[in-house]
Amino acid sequence: MKPSYIYFDLDNTLLNHNKAESEAQRETFTGFPEFEETDIDSWLIAYKEENHKLWLKYQEGKIDREFLQYQRFLRPMKKLGLSTDRSAEIGRAYMQNYRKYWTWVDGAKEALELVADQFPVGIVTNGFLETQQKKIEVMELEQYTDNFIITEEVGVMKPHPKVFDVATERSGAERNTILYVGDSYSSDVIGGRDAGWQTAWFTAFMKDIEENQTADFMFDRFPMLTDYLNGK
Ligand SMILES: [Mg+2]
């Protein structure tokens, strides 16, 4: 069935979060002498491990944003035996650096322009309200839609059904005619499918895909998505 409404995920679908994260980590790492006691690879492994654990807790509503943004530096620094006196300051510096490196995923802007010419579109994104609003502003997404669903406002994160219920309601479309375009299998594909939506899985950032992981449509370059929507 041809979709009547298209929702896009933001991070690693429209905005290249991975690139911004690694550039910002590199800048933060070289900007603070605390890190001289370690090397960037060890740091990134330790950071990503703790960040991931904290995100899961944040997702479950067990911790808040400020706690996450501070602890994701404090914990790995402690683990690597680095001085943690300035870990809160370093956490804030990272967030400032992160904002400097926001760029579009290759081809995503052109695809969004084409899609928004043909369909009503909206954004459903996990993440912090303030940061995501800033991304929307920097990427000038208001020219394509005024429907932005940022999960910090909803109170639960994807794949929680409430996020998709709110988004369904706001779209004014029937569930089975909404297509969700996103990169995360667990948040976007499963969340969308469970909500009765159609799913288009952007796999360019995936290292390996398991055999049982499927979506209505899978693509790793954006022109494939626009072709799909045009029935090519
Ligand atoms: Mg994403």
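What counts and how
Residues numbered from 1 in each chain as written. Predicted model: local features only at pLDDT ≥ 70, side-chain atom pairs only at ≥ 80, totals over all residues. Pairing = 2+ DSSP bridges. Helix = DSSP H or I, 4+ residues; strand = E, 2+ residues; numbered from the N terminus. Axes fitted to C-alpha atoms, helices over the stretch in contact; angles between N-to-C directions. Contact = placed C-beta atoms within 7 Å. Domains from an automatic or database assignment. Nonpolar A, V, L, I, M, F, W, Y, C, P; charged D, E, K, R; others polar. Parallel < 35°, antiparallel > 145°, perpendicular 65-115°, else oblique. Left-handed = near helix turned anticlockwise from the far one by under 90°.

## Concerning the sheet that holds strand β1 (residues 5-8)
Across the sheet, which stays open at both edges, the six strands sit in the order β3-β2-β1-β4-β5-β6 with parallel pairing between neighbours. Lying at the two open borders of the sheet, with one neighbouring strand each, are β3 (148-150) and β6 (217-219). Between one strand axis and the next, the sheet turns through 20° on average, direction left out of account.

## Considerations on the environment of F219
Examined against the element boundaries, F219 turns out to sit in strand β6. Along the chain, F219 and D183 lie 36 residues apart, while their C-alpha atoms are 9.7 Å from each other. With residues near it in sequence (within four places) discarded, F219 still touches A200, F202, M224, L225 and Y228.

## Topic: the domain arrangement of the protein
Domain boundaries in the protein define domain 1 (5-16 + 104-229) and domain 2 (18-100). The C-alpha centroid of domain 2 is placed 27 Å from the C-alpha centroid of domain 1. Tallying the contact residues gives six residues for domain 1 and six residues for domain 2. A class-by-class count of the residues in the side of domain 1 that touches domain 2 yields three nonpolar, two polar and one charged.

## Here's the deal with the packing of helix α1 (residues 17-31) against helix α2 (residues 40-59)
Taken N-terminus to C-terminus, the directions of α1 and α2 make an angle of 120°; their axes are 11 Å apart at the nearest point. When the interaxial angle is binned, α1 and α2 end up oblique. As α1 packs across α2, the resulting crossing turns out to be right-handed. Across the interface between the two elements, Q25, R26 and F29 from α1 touch I40, W43, L44 and Y47 from α2. Tallied by class, the residues present in the contact of α1 with α2 amount to five nonpolar, one polar and one charged.

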